[in-house]
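Observations on the three-dimensional arrangement
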Amino acid sequence: MKAKESTKLAVIDSNTGIDWYGQSWKDREFSHAERTIRVGTAFSGIGAPEMALDLLGVKHEIVFACDINKAAKKSYLANYNVRDWWDDVKELDATRYKGMIDLFVAGVCCQPWSLSGKLKGLKDERGQLFYQFVRVICECAPKVWIFENVDNILHHRSEIDGKEVLTWPILLNDMETSFTEAGLHYHIHYRVLDAADYGVPQHRERVFCIGFLDESVDDKGDFLFPAPVKLEKSLYDYLDDLTPGRRYLTARERISLMGFPGTFKQVVSDAQFSKQAGNSIVVDVLMALYKQMDITRYGVEA
């Protein structure tokens, strides 16, 4: 009797391992602290990639940033100095930055892939913004890029020619095809990381996909994701009001839980500030990635 075929699609949560036996990212020192990292971001929000560099004391210049949300733009410009700001990623002409970007980071819209959304994926106009992210890379050829999104993007399924298939391999394939057509080759690594494993007392699982340009350094193919560290803080360390009893987190507390310091300026309403916290990348996870890859290796001499 023929065995019944399983209709369950295998999900690969990572193509790269964790550095369990190497030096902890927390103990690593930057090899080229004198260098400057030229940064570009899209779907920039309130600037988690930029803040991570700030908190690590890494010299950097923000070449361009981009976000269509007016409130996010207001918060961003109140806290960072950026050479060029773009309101719409579709209008972002990255060709003018060719060879000028060491690090490009984008937290691409997560609603099309999130379980809290309608899961339309590429059928959602916002899902198509993934290809704008790829286009920007092809145009400016950053030495390193980082893509962040909800972990469910790895589980999302699309219907192709009447068959249900995982969307993530399609996205990866389309991305690599675009890179090849642009004459670029990136060593690509991805993995789901939980913010609670990197110093923040909240479970926030996100997929981080990283690409290292073939011409940038010699050992980018050997990259391993940073190992988790012991959680040394509790939620109470982030609360302004320790009065007993249940309550909602304040906007400032939400921002703090995302890794932003108390010096981060609030120039929007509490409701907008809370929303911006929810849409942000956790700063501490980016700090772990920067230290693990030794981001200063990709910088330029002053």
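This write-up is about the structure you can find in this document.

Focus: the nonpolar core
In this structure, Phe260, Tyr290 and Ile295 are the most contacted members of the largest nonpolar core, which totals 56 residues. Ranked by the residues each element gives to this core, the list is headed by helix H7 (residues 283-293), at 8 residues. Not counting the four nearest positions on each side in its chain, Phe260 is found in contact with Ile46, Gly47, Ala48, Met51, Tyr80, Ile255, Ser280, Ile281 and Val283. Membership of the second largest hydrophobic core comes to 39 residues, among which are Ala42, Leu92, Ile101 and Leu129.

Concerning the pairing of strand S7 (residues 163-166)
Where strand S6 (residues 157-160) meets S7, 4 bridges bridge the pair, whose relative direction is antiparallel. Looking across to S7, one finds that Glu159 is bridged to Glu164. The antiparallel hairpin formed by S6 and S7 contains 2 residues in its connecting segment, where Asp161 sits at a positive phi of about 50°.

Section: the packing of helix H1 (residues 48-56) against H7
In the contact formed by H1 and H7, the axes pass within 9 Å of each other and the chain directions differ by 65°. Crossing of H1 over H7 shows right-handed handedness. Here Ala48, Pro49, Met51, Ala52, Leu53, Leu55 and Leu56 of H1 lie close against H7, whose contacting residues are Val283, Leu286, Met287, Tyr290 and Lys291. Partitioning the contact of H1 with H7 into residue classes produces 11 nonpolar, no polar and 1 charged.

Examining the pattern of salt bridges
The full count for this structure, using the stated rule, is 12 salt bridges. Arg28 is paired through a salt bridge with Asp19; the nearest N and O atoms lie 2.8 Å apart. Here Asp19 falls in the buried class, since its relative accessible area comes to 12%. Across the salt bridge formed by Arg38 and Asp102, the nearest N and O atoms sit 2.9 Å from each other. Separated by 64 residues along the polypeptide, Arg38 in strand S1 (residues 37-42) and Asp102 in the loop between strand S3 (82-86) and strand S4 (103-106) bring together distant segments of the chain. The same class applies to Arg38 as to Asp102, namely buried. Taken together, the salt bridges that share partners define one network made up of Arg38, Asp102 and Lys143.

Some remarks on the sheet that holds strand S9 (residues 205-213)
Ordered in space as S3-S2-S1-S4-S5-S9-S8, the 7 strands form an open sheet in which the pairing is mixed. In this open sheet, the two strands that pair with only one neighbour each are S3 and strand S8 (186-194). Ignoring strand direction, the axes of neighbouring strands in this sheet form an average angle of 15°. Bridging between S1 and S4 involves 4 bridges; their strand directions are parallel. Paired with Thr41 across the strands is Val105, a residue of S4. In the packing of helix H2 (residues 70-79) onto the sheet, contacts are made with S1, strand S2 (60-66) and S3, and the angle to S3 comes to roughly 175°.

Comments concerning helix H4 (residues 167-181)
Along its 15 residues, H4 runs 21 Å from first to last C-alpha, staying within 8% of the 21 Å computed at 1.5 Å per residue. What H4 keeps buried is the set Thr167, Trp168, Leu171, Leu172, Met175 and Phe179. Within H4, the buried residues cover an arc of 135° as seen down the axis, which keeps them to one side. For H4, the exposed residues lying more than 90 degrees away from the buried face are Thr180 and Glu181.

Things to note about H2
Turning to H2, its buried residues are Ala71, Ala72, Ser75 and Tyr76. Angularly, the buried residues of H2 cover 135° about the axis, an arc narrow enough to put them on a single face. Its side-chain oxygen 3.0 Å from the backbone nitrogen of Ala71, Asn69 forms the N-cap of H2.

Side note on unusual backbone geometry
Even without being a glycine, Ala141 presents a positive backbone phi close to 50°. With respect to the helices, strands and loops of the structure, Ala141 is situated in the loop between helix H3 (130-140) and strand S5 (144-150). On the basis of relative accessibility, which here comes to 12%, the residue Ala141 falls in the buried class. The backbone phi angle of Asp294 is positive, close to 55°, even though this residue is not glycine. The topology assignment puts Asp294 in the segment after H7.

Looking at the side chain of Arg206
Note on placement: Arg206 falls in strand S9. Overall, Arg206 belongs to the buried group, its relative accessible area being 18%. For Arg206, the residues in contact, after removing those within four places along its chain, are Glu148, Asn149, Val150, Asp151, Arg191, Val192 and Leu193.

Looking at the environment of Ala288
Checked against the element boundaries, Ala288 lands in helix H7. Of the residues examined, Ala288 reaches a relative accessible area of 0% and is grouped as buried. Note: C-alpha distance between Ala288 and Phe212 (76 residues apart in sequence) is 17 Å. Setting aside chain neighbours within four positions, we find Ala288 in contact with Trp25, Tyr198 and Pro226.

Rules and cut-offs
- Residues numbered from 1 in each chain as written.
- Predicted model: local features only at pLDDT ≥ 70, side-chain atom pairs only at ≥ 80, totals over all residues.
- Heavy atoms only, no water.
- Core = buried A, V, L, I, M, F, W, Y, C linked by side-chain atoms within 4.5 Å.
- Buried < 20%, exposed > 50% of the residue type's maximum accessible area, 1.4 Å probe, protein only.
- Helix = DSSP H or I, 4+ residues; strand = E, 2+ residues; numbered from the N terminus.
- Contact = heavy atoms within 4.5 Å.
- Pairing = 2+ DSSP bridges.
- Axes fitted to C-alpha atoms, helices over the stretch in contact; angles between N-to-C directions.
- Left-handed = near helix turned anticlockwise from the far one by under 90°.
- Nonpolar A, V, L, I, M, F, W, Y, C, P; charged D, E, K, R; others polar.
- Salt bridge = Lys/Arg side-chain N within 4 Å of Asp/Glu carboxyl O.
- Expected span 1.5 Å × (residues − 1).
- Arc of directions from axis to C-beta.
- Polar contact = N/O pair within 3.5 Å; in protein donor to acceptor, adjacent residues only side chain to side chain.

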